[in-house]
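Descriptive structure summary
Residue strings, one per chain:
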Amino acid sequence: MTRIAIVTGAARGIGAATAQRLAADGNAVAVLDLEESACADTVAAITDAGARALAVGADVSDAASVERAVARVAEELGAPTILVNNAGIIRDNLLFKMTEEDWDAVMSVHLRGAFLMTRAVQEHQVKEGWGRIVNLSSTSALGNRGQANYAAAKAGMQGFTKTLALELGRYGVTANAIAPGFIVTDMTRATAERLGVSFDDFIAARAAEVPVQRAGYPDDIAAAASFFCSEEAGFVSGQVLYVAGGPRA
Ligand code: NAP
């Protein structure tokens, strides 16, 4: 059976890989990102592979934008029952230099964004009596220097996930979180730039700290999301899976 999935922040990085993987799994996928035009490459990759995809421009932190986006997906693809809350930003700084804007921006995209998207999508999931929610946390939830805002948001995603599992389980909806370690994307490229090191050197240094001795890639996260969104994962809910090449970052 074809399910309808929404992946936020799917123009690039982990979101793009996850959207492509869920499409390969047999789902129709709404590729949601801030700019509709930025979703073109992900949509093309999915349709070229013979699956259905829809580009949706929306700001997950804006309630009206989210309502419009989810209604459009329901109308053009069908009732969305799979949701991957992946959209994210970083505004890193040591606490004494962190501005209120840095704090609010990160809370707004990760936590408010996941809340608004989930509130809009659960209506369809409850009506259908089936659903899968995957939230992107991070190993930074355990604490990370220079990321007080991001670490708090990613720890918050875990509490949010467990509560969704408790509230929505009776409607056939599971909710799980994936906490990636170091993944090679534009987000980590930006971190290397902020630290003034080349991305290649940064990747090599981070890989050396990882028990499996390599960096992670978006497909590593997409594989975990694929499992959580599958039919057979229906008895797995409220879990946090660290996908980090080892037990910690
Ligand atoms: P990325 O390459 O920066 O992609 C994030 C995407 O989210 C971008 O396309 C971005 O759009 C979009 N986005 C930002 N704000 C948005 C908003 N308000 N509404 C809709 N879309 C928005 O990031 P990534 O590395 O793939 O990370 C994906 C997720 O995994 C994030 O939640 C991140 O925190 C988490 N994560 C990443 C790592 C890692 O090592 N990379 C590790 C742990 C967790 P724009 O390009 O327009 O800004």
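It should be noted that the structure appears before, not after, this text.
A brief report on the enclosed structure follows. As the structure is a prediction and not an experimental result, all values here were calculated from the model.

The rules behind these values
- Residues numbered from 1 in each chain as written.
- Predicted model: local features only at pLDDT ≥ 70, side-chain atom pairs only at ≥ 80, totals over all residues.
- Heavy atoms only, no water.
- Helix = DSSP H or I, 4+ residues; strand = E, 2+ residues; numbered from the N terminus.
- Rg over C-alpha atoms; globule rule 2.2 N^0.38 Å.
- Buried < 20%, exposed > 50% of the residue type's maximum accessible area, 1.4 Å probe, protein only.
- Contact = heavy atoms within 4.5 Å.
- Near = heavy atom within 4 Å.
- Polar contact = N/O pair within 3.5 Å; in protein donor to acceptor, adjacent residues only side chain to side chain.
- Areas by Shrake-Rupley, 256 points an atom, 1.4 Å probe, with all protein chains shown as cover.
- Salt bridge = Lys/Arg side-chain N within 4 Å of Asp/Glu carboxyl O.
- Axes fitted to C-alpha atoms, helices over the stretch in contact; angles between N-to-C directions.
- Parallel < 35°, antiparallel > 145°, perpendicular 65-115°, else oblique.
- Left-handed = near helix turned anticlockwise from the far one by under 90°.
- Pairing = 2+ DSSP bridges.
- Core = buried A, V, L, I, M, F, W, Y, C linked by side-chain atoms within 4.5 Å.

Thoughts on the overall build of the protein
Scanning the protein from N- to C-terminus turns up eight helices and seven strands. On C-alpha atoms alone, the protein measures out to a radius of gyration of 17 Å, which is about the 18 Å that the 2.2 N^0.38 rule sets for 249 residues. Over its C-alpha atoms, taken along the principal directions, the protein stretches across nearly 45 × 35 × 35 Å. Looking at the 249 residues of the protein, the share that counts as buried comes to 52%. Summarising the internal contacts of the protein: among those between residues at least 6 apart in sequence, 70% fall at separations of at least 24.

A word on the site of the ligand
Close contacts around the ligand come from 29 residues, with R12, D33, N86, Y150 and T185 the closest. Between D59 and the ligand, the recorded distance is 2.8 Å, taken from a side-chain N or O atom to a nitrogen atom. For the ligand, an oxygen atom lies 3.0 Å from a polar atom in the side chain of K154. Look at the ligand: alone it shows 900 Å² of surface, and the protein chains cover 90% of it. The element best represented in the shell around the ligand is helix α6 (residues 186-195), accounting for three residues.

Some words on the pattern of salt bridges
Tallied over the full model, the rule gives eight salt bridges. With a closest N to O distance of 3.3 Å, R21 and D25 form a salt bridge. A relative accessible area of 34% places R21 in the partly exposed class. Notably, a salt bridge pairs E76 with R72, separated by 3.0 Å at the nearest N-O pair. Here the residue E76 and the residue R72 both occupy positions in helix α3 (residues 63-76), the gap between them amounting to four residues, near one helical turn. The exposure class of E76 is partly exposed, given its relative accessible area of 41%. By relative accessible area, R72 is classed as partly exposed at 26%. If you follow the salt bridges from partner to partner, you end up with E36, R72 and E76 in one network.

Details of the packing of helix α4 (residues 100-128) against helix α5 (residues 148-168)
Helix-helix packing: each pair is described by the crossing angle between the helix axes and the interaxial distance. Two elements in contact, α4 and α5, have axes whose closest approach is 9 Å; the angle formed by their N-to-C orientations is 15°. In terms of orientation, α4 and α5 fall into the roughly parallel class. Relative to α5, α4 is oriented so that their crossing is right-handed. Contact residues: D102, W103, V106, M107, H110, L111, A114, F115, T118, Q122 and V126 in α4; A148, N149, Y150, A152, A153, K154, G156, M157, F160, L164 and L168 in α5.

Digging into the sheet that holds strand β1 (residues 4-8)
Judged by pairing direction, the sheet is parallel, and its seven strands sit side by side in the order β3-β2-β1-β4-β5-β6-β7 without closing on themselves. Looking at the sheet topology across the chains shown, the edges are occupied by β3 (53-57) and β7 (240-243). Averaged over all pairs of adjacent strands, the angle between their axes in this sheet comes to 20°, without regard to strand direction. Across the sheet, α3 lies against β1, β2 (28-33), β3 and β4 (80-85), angled at about 160° from β3, the strand it touches most. Of the strands in this sheet, β4, β5 (131-136), β6 (173-180) and β7 touch α5, which is tilted by about 165° from β5.

Some words on the nonpolar core
Core analysis: the largest hydrophobic core is formed by 28 residues, its most contacted members being L22, V29, V31, I46 and I178. Breaking this core down by element, the ones donating at least two residues are β1, α1 (13-24), β2, α2 (40-48), β3, β4, β5 and α8 (218-229). Here the element with the most residues in this core is α8; it accounts for five residues. Setting aside its immediate chain neighbours within four residues, V29 contacts A5, V7, A19, L22, A23, I46, R52, A53, L54 and L77.

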